[in-house]
Amino acid sequence: MHQRAFARDDTYIKWQLALGFAALFLGILMGLFQGLDRMGIDLYKYVGLKSYYQGLTIHGVLNVLVFTTAFNGAFLPYVTMRALKRPMALKGGTAIAFWLMLVGVLLATWKILDNSSTVLFTFYPPLQGHPLFYLGLVLVVVSSWVTFLNILLTTRAWKQDHPGEALPLQAFISLVTYIMWFIASMGVATEVLVLILPWSLGIVEKTDPQLARTLFWLTGHPIVYFWLLPAYVSWYTMLPKQVGGKILSDPLVRLVFILFLLLSTPVGFHHQYTDPGVPPGWKAMHALLTFSVFFPSMITAYSVVASLEIGGRKAGGKGLFGWIWKLPWGDPAVTAQLLAGLGFFLGGVSGLINASYNINMVIHNTAFVPGHFHLTVGTAVTLTAMGIMYWLLPALTGKKLWGRGLALANVWLWFIGVMIFSRGQMAGGLEGMPRRTWMATATYLPLMETWDIPNKMTAIGGTLMFLGGMAFFAVMVGTLLFSRERVKVEMPAAEAIIGPEKGSPLFTKRLDVWTVVAVVLILIAYVPYLVNYLGDAAFVATGQRVW
Amino acid sequence: MPIERSERLFINLSIVMLVLFFIAVLTSAFIGGLQVPAPAGTIDPAAVNQTPPFDNPGLRELVPGKRYEVVMIAQTWAFIPGEIRVPAGSEVTFRITSRDVIHGFEITGKNANVMLIPGQISLVKVKFDEPGEHYIICHEYCGVGHQTMFAKIIVEPAPQAAK
């Protein structure tokens, strides 16, 4: 009955998804190029790309800046509308978000393809890209702000119609995800608008690379939770339904998301443990907060597995592990998420190594780091998004999913691929192999022998991931073109054993309080450092184009 | 908030684990001396050639056979000096800065790892106990020749007289 009211927003949700997955397609294609480069096979020259690094800029920008932001900008409004049973409140909001995203992506991609902005997705000054590259990225972020405003207004409108009630869980955690992101995005917004854009336009001659890095990482860590939390929305509230289980506790899920709101952002210095311009005391403080933000993920590991166990036992699973085999492994939407979760376990453990202050010096900027994050954003997030599409595409189009076997091949190829890929990268990293380096043309020859097996594992694993990715796109295109059977699919929403009424209203209703606490924590974690740093800032670097 | 007993146990154990890990890491850093890099001053990258000690990059002997200092400049795409020879058993302090873009500094087989950021001076101390070869690798993307940027450290057997 709501389908018609949702149609206006759904149109742009579909376009936003199409844009996001088109970005992912190109991003994954560059991943294949990078993998084969490790075997000395150069595909760049055949497609007119100047270097490995130009391809790597496409890979990073389109995968983790565009795909994730576009997917979230489609998925979470979709979830919010269904959870609240009302269309988005901001008239034309989903349309504006889509158009901003589209123009932003086109600008940024254009400036990467003409090789004027081969600065990688971290765009550290004094590397200086074209102003339109940065402007494109600004529009992508502004699009996410429009989505935030839209979700905020929609939940507000719902509250006015339901005074005193707690916001339904799925809408609540979607909103928390965007509040967290909006606050966290201020770092990179300041970096680009205040430091980089005027500098790349030539209005200002010199900039401070250390300050730019600090502002970048103020956003650069919480952004990984912006990527991850939509997967958590699915694992917590949808996956239990898909396997016949239940959510353990509604208030506990809310608490976990509130912890992410508080702790995702004041942790950026753990990406800068080896920066010369940050005193060790500040690094240690951020290390403590980074260990704290590991805690809500520990709760998640327990809660999600327990929800799965309920489903597996209901299906007849016996014994300590027998329930695992009774889960619906034949359903690609489920298997994608189960394997994503398994990958995330390893991603989390390796992440704790990265976060461990002085231990970080063993692996900082080595291949260990991409080994880690291809398990997190590259698998936990991406494989979950693919799994979500296996019900969301039928839900949005009314067409039955085409090619279930191909979908299962997607999931398993990706998982086996990333296991080989990440194992190779981590082994290489521990042997000192640097990350994001054009290995095929590297000149440290004796080391290349040490890194031979890691490089081959990277190539083989990466190729399997690519094939898995292509299977996914085949299923998407096949469903759109060849599926004749009509189906009516609803968004999965699991019941909670312990409902919201059992939780303290402080955790189920008072997001305003937690937002203030989150901002205060960020101010404590950054402002004294920044004030002190700015007293002796080093605005000394002119722009460099060295590619 | 009502939480199941086994989950409560799991939550408590998680907290204990994280606290223990954190204490272990901080003890090794602040008491054991395995510390992360600290600020070592600022510099104008355009004036590196005129600013001591970077006007004279290279190896200096502080205590023969024991303590050395290397003043090093990173630029696209080389470290200056590109080769260093020290005797086994020596402790070497690297004082490094970048002339152009952000570079990285890691020594294979050692825990030395620091960013080289234009405007900042980086400081790393490394002990070389065994004779052999190490590579200093730039581990931050610094342009299209990044993969050719490295330097060599040759650790020579300690002369018998010094022992």
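Notes on the structure in this doc start here. (Residues numbered from 1 in each chain as written. Chains lettered and ligands numbered in written order. Predicted model: local features only at pLDDT ≥ 70, side-chain atom pairs only at ≥ 80, totals over all residues. Heavy atoms only, no water.)

All told, the structure shown has 16 salt bridges over all chains when counted by the stated rule. A salt bridge links Asp512 of chain A to Arg510 of chain A; its shortest N-O distance comes to 3.2 Å. With a relative accessible area of 39%, Arg510 of chain A lands in the partly exposed category. If you follow the salt bridges from partner to partner, you end up with Arg60, Glu69 and Arg95 of chain B in one network. (Salt bridge = Lys/Arg side-chain N within 4 Å of Asp/Glu carboxyl O. Buried < 20%, exposed > 50% of the residue type's maximum accessible area, 1.4 Å probe, protein only.)

This brings us to the sheet that holds strand β6 (residues 103-107) of chain B. Residue and element names in this part refer to chain B. A sheet is described by the order of its strands in space; here five strands give the open sequence β4-β10-β9-β6-β7, paired in mixed fashion. Edge positions in the sheet fall to β4 (83-87) and β7 (113-116), since each has one partner strand and no second. Taking each pair of neighbouring strands and ignoring which way they run, the sheet shows an average axis angle of 20 degrees. Bridge count for strand β9 (residues 132-137) against strand β10 (residues 150-156) is six bridges, and the pairing is antiparallel. In the sheet register, Ile136 faces β10, and the bridge partner there is Ala151. (Pairing = 2+ DSSP bridges. Helix = DSSP H or I, 4+ residues; strand = E, 2+ residues; numbered from the N terminus. Axes fitted to C-alpha atoms, helices over the stretch in contact; angles between N-to-C directions.)

Our next topic: the packing of helix α8 (residues 222-237) of chain A against helix α15 (residues 368-397) of chain A. Residue and element names in this part refer to chain A. Their axes nearest at 9 Å, the elements α8 and α15 cross at an angle of 50 degrees. In terms of orientation, α8 lies oblique with respect to α15. As for how α8 packs across α15, the hand of that crossing is left-handed. Between α8, through Trp227, Leu228, Ala231, Ser234 and Trp235, and α15, the contact on the second element is made entirely by Val377, Ala380, Val381, Thr384 and Ile388. Among the residues forming the contact of α8 with α15, the class breakdown is eight nonpolar, two polar and no charged. (Parallel < 35°, antiparallel > 145°, perpendicular 65-115°, else oblique. Left-handed = near helix turned anticlockwise from the far one by under 90°. Contact = heavy atoms within 4.5 Å. Nonpolar A, V, L, I, M, F, W, Y, C, P; charged D, E, K, R; others polar.)

All names here are of chain B. Mapped onto the secondary structure, Glu69 falls in strand β2 (residues 67-75). Glu69 gets classed as buried once you look at its relative accessible area, which sits at 15%. Reaching out from Glu69, the side chain makes a polar contact with the side chain of Arg95 at a distance of 3.1 Å. Leaving out residues up to four positions away in the same chain, Glu69 has contacts with Gly58, Leu59, Arg60, Leu62, Thr93 and Arg95. (Polar contact = N/O pair within 3.5 Å; in protein donor to acceptor, adjacent residues only side chain to side chain.)

Right, let's talk about the interface of chain B and chain A for a bit. Facing 61 residues of chain B, the contacting portion of chain A comprises 70 residues. Area buried by chain B at its contact with chain A is led by Met1, Tyr141 and Gln147 of chain B, which between them contribute 14% of it. At the boundary of chain B and chain A, one finds one salt bridge. For Arg436 of chain A, the salt bridge goes to Glu140 of chain B, with nearest N and O atoms at 3.1 Å. In this assembly, chain B and chain A are joined by 20 residue pairs in polar contact (both at pLDDT 80 or more). Broken down by secondary-structure element, the contributors of at least two residues to the side of chain B that touches chain A are α1 (5-31), β7, β8 (121-128) and β9 of chain B. Looking at which element gives the most residues to the side of chain B that touches chain A, the answer is α1 of chain B, with 15 residues. Its residues assigned to classes, the side of chain B that touches chain A shows 38 nonpolar, 17 polar and six charged. (Buried area = accessible area lost by both parts, 1.4 Å probe.)

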